[in-house]
Each structure stands twice: as C-alpha cells, then as structure tokens.
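A structural walkthrough
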Amino acid sequence: MEVCWDFLQWLGPDMAIKILMCLEDPSDLVRVCSVSSSWRQFVIANSLSKQLFIRMFPEVSSIARAIEVKNTIEPVEACPENSTEWECMKRDHRVYAFLARGLTSVTRKDCILEAISASSTDNYPDESIENTLEARDRVEQRASYWSSEGEDDPTVPETLVYKLIAKLCVITEIHVQPFQAFFQYGFPIYSAKAVRFRMGHPRSPIGIGSDSRDEFDTGNESTDSAFIWTYTSPEFPMAQENRLQKFKLPEPVLCIGGIVQVELLGRVQKQELDNLYYICICHVQVVGRPLSLPFDVEILDPSGRCSLRYCPKAEHCSSPTRAPEEGEASEPSRFRTLAASVMGWEHMILNTLLGGGVVIDGHDSGNDSDDELVA
C-alpha cells in the first residue's frame, strides 16, 4: 500500500515556515492555502499572512502591536466571548491577506487628491500651493507655480502638505519640479537645496467633503501640531534644474492616514528685485498604490490604531476620490457584510489577484462574517 506524505509535515514546522516565508506575492500564500486543509491550517496557525505583510512593509513594524491578533476583530476585546482562538486566528489571517492584496493589486499612479497647506505663500492666490497640482508651468498663458515668501536667510525651510486619494497608500517615490521664472532676467530657477518627505495622519479627523485648506490655512495651527508624522525620509539633494525630479524612497512606505508633507530645505536663488531668497515649485506628484476601492480605513486615535472596513461590492468607499468625469456614474458607498465559506474567501482573493474581480456570495451562511475589522 502506497503511503502519502505531507510535504510540510515531512519538512518539519521550522523549515516549512522558512521556505514559505520566501514567497513574495500574497497570491502565492493564498495558493498554498488552497492545496489542502492541513496546509491552510499551517499557514493560519503560524500567522504567515501577517508575517508576509510586515515583511512587505517593514515600516509598520513600529505599530505591529496595534495590529496584533487581539485587536484585529474588536477594538477592545481579543475576541467575542463565544469565539475560539482558532476563529480569531482565521480572521486575523483573512485581514492581512485582504490587506496585502489590496495594496499590491493596484497600478502605481499619482496619489494626491488635494493640496492642504503651504508654510508660506508670497502672493496668494496667484502663487498658491494649488498650482502645484497642475502638470504644466503655464496655464492660459500665465505662469503656474507656488512661491514661498522671501527670506534673508537661505537656510529657512518651507513645507507643502497634501491629502492623498486614500487613507492607506503604499508610496514608492515623490516627484518635484522647481519653477523657472521665464519672465525674469536670466531665467532663474528657484529650487531648494534638498528635499525630505514625511507621511502621517491628522491629529483630528478631516471630514469627508470638508475643505482641508480652510482647516489648516488659517495660520493658527502649524503643520507640526496639526499632524502626526509616522515616517520621515532621508534628505535628497535637489538640482537647480527646470525638470520633474524623481526621488525614489529607499523602501516602499505604507502611509496610514493619507497625509504627505514635502519639506524643502535650503534656498539657492535670490530674486534680483528685492535681494531675497525664494523657493518656487510648479509641480508635485506622490506616486504609489492607494488601497483599492473595496477598502477604507479610519484613524481611531493619535497612536495610529485604525479601523479597516471591507466593502466588496461598493464601487466607492468613504475615502475621498477625485470627482468623476462628466457622464461617469457615481454610486454612494455601501458597506456589505463579508460572507464567505471557510475556503471560499481564499479563492475570492486569488480570483481578484488573477484579474477576475471579486465575487461574493452574500447568501452564504458560512463562518467568519465581518464587515469591520480593527487593525
């Protein structure tokens, strides 16, 4: 009689974990779960989905305690009283698998939704931060750029703050183009000496549909006090050239909260008219992958703990997106209960990763039905 061996059992748990953690794509881990029930149990019991997610985005290791199994299902309790430890582990596995899929299945694009504030503006609104959202340096025969106020001291920095199209984005690079004053003698370029980037979230929520600029342009609250920065990049030297300069981050950064600050360090160009130093920027892009539309995240407290919602059939979640073009349909957000069989949800993720879209059986009476999960 032929004996069938389970490959993972034959390897032993330590070697099996080491091999499975060599996987780089969340879809591969979902395929592992589809091999057999014993393989699926092994992946869940050893929290491999969570380990893969943290390895993909190592910057979240500082908040790993805020997204432990105990806080994945309910904000306070580890699990409902009638839940078993195994049910908690399954739900934790599902959260990280969905989250990893959502952050890797979207094509990279410019993630800026709107400009929030600038540390100073020389001539508002003609030289406001709003102009940096325009890809061209001339609009309707007029120069389009943001300008700082003039300074005697060339070391005085400036900051530009932007709101992203989603509260959870993986940012890979940021592009900044200095402005060349074609209307001044010698065509000077008002670049900075260097740039640095910060990412984080507001101390108090920015309401959906509210005008963020009204909240932070009053001058009564600095960006340092209005936001909590969870990531700070190294400094990048900026060339005094009229081109879109691309600054690639050392590693992809998970921005939780959807706020990015561009810090412009040092001034290189004086204006001949008043002999003061200025920084002028004509365009900024924040390039990355926003959390895909079936997800939304809400910051619960200043520590960065967040509530992750999954709405598989919602075309638009509550995170703001750019207004649809004329003629496009726009549906309101609808949070649906995720109801899937014990194995079915894994096939659902795999189907989405392979381009087939998400299919939910809303009438399934299976286990683990959640529509809000706290990370």
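Structure report, in brief. These figures come from a predicted structure and were not determined experimentally.

1. Some words on unusual backbone geometry
Look at the link from Tyr 124 to Pro 125: it is a cis peptide, with omega at 5°. Considering the arrangement of structural elements, one finds Pro 125 in the loop between β2 (112–118) and β3 (138–139). Backbone geometry at Ser 47 places phi at a positive 50°, although glycine is not the residue there. In this structure, Ser 47 sits in the loop between α4 (37–45) and α5 (48–56). The phi torsion at Gln 141 lies on the positive side, around 65°, for a residue other than glycine. By the element assignment, Gln 141 lies in the loop between β3 and β4 (142–143). Residue classification places Gln 141 among the exposed positions, given a relative accessible area of 80%.

2. Some remarks on the pattern of salt bridges
This model, assessed by the stated rule, comprises ten salt bridges. As a salt-bridge pair, Arg 136 and Glu 134 come within 3.0 Å of each other at their nearest N and O atoms. Residue Arg 136 is classed as partly exposed on the basis of its relative accessible area of 48%. On the basis of relative accessibility, which here comes to 26%, the residue Glu 134 falls in the partly exposed class. Arg 196 is the partner of Glu 263 in a salt bridge, and the nearest nitrogen-oxygen pair spans 3.0 Å. Placement of Glu 263 in strand β12 (residues 259–267) and of Arg 196 in strand β8 (residues 192–202) is noted, with a sequence separation of 67 residues between them. Its relative accessible area of 10% is what places Glu 263 among the buried residues. Sharing partners across several salt bridges, the network here consists of Arg 196, Arg 198, Glu 235 and Glu 263.

3. Quick notes on the packing of helix α3 (residues 26–35) against α4
Packing of α3 against α4 leaves a shortest axis separation of 5 Å and a crossing angle of 135°. Classified by the interaxial angle, the pair formed by α3 and α4 is oblique. Together, Leu 29, Val 32, Cys 33 and Val 35 of α3 and Trp 39, Arg 40 and Val 43 of α4 make up the contact between the two elements. Within the contact of α3 with α4, the residues separate by chemical class into six nonpolar, no polar and one charged.

4. Regarding the environment of Asp 25
Positionally, Asp 25 belongs in the loop between α2 (13–20) and α3. Considering only alpha carbons, one finds Asp 25 and Phe 53, 28 residues apart in sequence, at a separation of 9.7 Å.

5. Re the packing of aromatic side chains
This model, assessed by the stated rule, comprises ten aromatic pairs. For the pair Phe 179 and Phe 182, a centre-to-centre distance of 6.2 Å together with 70° between the ring planes defines the contact as edge-to-face. Taking the relative accessible area as the measure of exposure, Phe 182 reaches 26% and is therefore partly exposed. Pairing Tyr 190 with Tyr 278 gives two aromatic rings, centres 6.4 Å apart and planes at 90°, and the pair type is edge-to-face. Here Tyr 190, found in the loop between β7 (168–178) and β8, pairs with Tyr 278, found in strand β14 (residues 276–278); they are 88 residues apart in sequence, far enough to count as distant. A single burial state applies to Tyr 190 and to Tyr 278, both of which are buried. Taken together, the ring pairs in this structure connect Tyr 145, Phe 179, Phe 182 and Phe 183 into an aromatic cluster. Taking the ring centre of Phe 182 as reference, the NZ or CZ of Arg 138 above it sits at 3.7 Å.

Rules used throughout
- Residues numbered from 1 in each chain as written.
- Predicted model: local features only at pLDDT ≥ 70, side-chain atom pairs only at ≥ 80, totals over all residues.
- Heavy atoms only, no water.
- Helix = DSSP H or I, 4+ residues; strand = E, 2+ residues; numbered from the N terminus.
- Buried < 20%, exposed > 50% of the residue type's maximum accessible area, 1.4 Å probe, protein only.
- Salt bridge = Lys/Arg side-chain N within 4 Å of Asp/Glu carboxyl O.
- Axes fitted to C-alpha atoms, helices over the stretch in contact; angles between N-to-C directions.
- Parallel < 35°, antiparallel > 145°, perpendicular 65-115°, else oblique.
- Contact = heavy atoms within 4.5 Å.
- Nonpolar A, V, L, I, M, F, W, Y, C, P; charged D, E, K, R; others polar.
- Phe/Tyr/Trp six-rings, centres within 6.5 Å; stacked < 30°, edge-to-face > 60°.
- Lys NZ or Arg CZ within 6 Å of the ring centre and 35° of its normal.

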